[in-house]
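Take a look at the letters that make up each chain.
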There are 2 protein chains.
Amino acid sequence: MIENEFCEATVIHEDTLRRVREEMPDEEPIYEVSELFKVFGDSTRSRIICALNLAEMCVCDLSALLNMTQSAISHQLRILKAARLVKSKKQGRVVYYSLDDSHIGQIFALAFTHVTEE
Amino acid sequence: MIENEFCEATVIHEDTLRRVREEMPDEEPIYEVSELFKVFGDSTRSRIICALNLAEMCVCDLSALLNMTQSAISHQLRILKAARLVKSKKQGRVVYYSLDDSHIGQIFALAFTHVTEE
DNA sequence: TGAACACATGAACATACGTTCATATATTAA
DNA sequence: TTAATATATGAACGTATGTTCATGTGTTCA
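Now for a description of the structure that goes with this document. (Residues numbered from 1 in each chain as written. Chains lettered and ligands numbered in written order. Predicted model: local features only at pLDDT ≥ 70, side-chain atom pairs only at ≥ 80, totals over all residues. Heavy atoms only, no water.)

Quick word on the overall build of chain A
The condition that has to hold: Only DSSP runs of H or I covering at least 4 residues are called helices, and only runs of E covering at least 2 are called strands; the numbering of each starts at the N terminus. We take the radius of gyration over the C-alpha atoms and set the globule estimate at 2.2 Å times the residue count to the 0.38 power. Partly exposed residues are those whose accessible area sits between 20% and 50% of the maximum for their type, while under 20% is buried and over 50% is exposed, using a 1.4 Å probe and protein chains only. Any two residues having at least one pair of non-hydrogen atoms within 4.5 Å are treated as being in contact. Note on areas: Shrake-Rupley, 1.4 Å probe, and residue coverage restricted to the protein chains presented here. Only four residue types enter the charge count: Lys and Arg as positive, Asp and Glu as negative, with His and the chain ends excluded. Taken as the charge centre is NZ of Lys, CZ of Arg, CG of Asp or CD of Glu, depending on the residue.
Secondary structure assignment for chain A yields six helices and five strands. The C-alpha radius of gyration computed for chain A amounts to 20 Å, which surpasses the reference 13 Å derived for 118 residues by more than 25%, pointing to a less compact arrangement than a globule. Along the three orthogonal principal directions, the C-alpha set of chain A runs to about 65 × 35 × 25 Å. Taken across its 118 residues, chain A has 48% of its residues classed as buried. In chain A, the proportion of contacts linking residues at least 24 apart, taken out of those at least 6 apart, comes to 43%. When the accessible surface of chain A is summed, it comes to about 6300 Å², and 47% of that surface belongs to carbon and sulfur atoms. Distance between charge centres in chain A, computed from 13 positive and 19 negative side chains, equals 15 Å.

As structure tokens, this is what we get:
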């Protein structure tokens, strides 16, 4: 049992700890990954993503589809756009949103198979 | 332009809206998917998952690895266990945690390739 | 039996987050 | 130019969430 340098935690398995320390991904990419998952971790945003995965849509259609106020949808689209998950295209006063990523579909597909099995 | 039955939202594209309504996944699996992503959406939990993906570990080793208090780790492990993402095995007074799912690795792998490219 | 240890857990606290409300911006049509 | 429309956005509000602190539970060892 060895005291850690930075906190009071006791270390029982020095060998595995050393190995995991070496093989662990850096903190930054892990942080970015969890930031990505955080965006997915709201059902409104997930529903928007599922919808945009089927068709390019404008804000008021999304609002009607999800039965939510235009403001709420717009706020969430802003977050999705900041995360570079959706892109927008303005035509007149209508703004069309669509998915801006190739991995989203794959990640969601895996997640769906996860929650639907067992 | 047609007024929606349940909210004041204006519908511009009736045809795509109808098609998306038909092809959209049900609300419940989408909700479950976003609940799963919500669990992944915290960097502490993501780091725990990355660690357990490399080795079965006890609480105090995780605590030392992530330089966090035993209590904080324990609380997060509770959440991961409730989500059936990790399982625990008690040996004496030491509790060993390991991943309890085959999809986690794939989902994280996809997410990593997403954040590391571009 | 009691001390030490590994872990769990409830309460408290600060912070983050999603929606609502009011309003601003930009475009079209009269 | 004015009214209507589609969207964006800031402030406010309630709620959810992660960590800390204190303490509880269960196990080992002297």
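Brief notes about the protein's contact with DNA strand C
For clarity, the threshold we go by: In these notes, residues near a molecule or strand are those with any non-hydrogen atom within 4 Å of it. N or O atoms within 3.5 Å of each other form a polar contact, as long as, within protein, one can give a hydrogen and the other can take it, and as long as residues adjacent in sequence are counted only when both atoms are side-chain atoms.
Surveying the vicinity of DNA strand C reveals 28 residues, the closest of which are Arg45(A), Ser71(A), Gln76(A), Ser74(B) and Tyr97(B). By atom count, sugar and phosphate contribute 63% of the portion of DNA strand C lying within 4 Å of the protein. Taking Thr44(A), its side chain carries an N or O atom lying 2.8 Å from a phosphate oxygen of DNA strand C. In this structure, Ser74(B) approaches DNA strand C through a side-chain N or O atom, which is 2.6 Å from a phosphate oxygen.

Side note on the pattern of salt bridges
Opposite charge on two side chains permits pairing when their charged atoms draw close. Residues and elements named next belong to chain A. Formally: Note on definitions: salt bridges are taken to be side-chain nitrogens of Lys or Arg within 4 Å of carboxyl oxygens of Asp or Glu.
Under the criterion given, the structure shown has eight salt bridges over all chains. Linking Glu-35 and Lys-38 is a salt bridge whose minimum nitrogen-to-oxygen distance equals 3.2 Å. One end of the pair is Glu-35 and the other is Lys-38, both in helix α2 (residues 27-40) and three residues apart, which spans about a single turn. On the accessibility criterion, Glu-35 (30% relative accessible area) is partly exposed. Owing to a relative accessible area of 41%, Lys-38 belongs among the partly exposed residues under this scheme.

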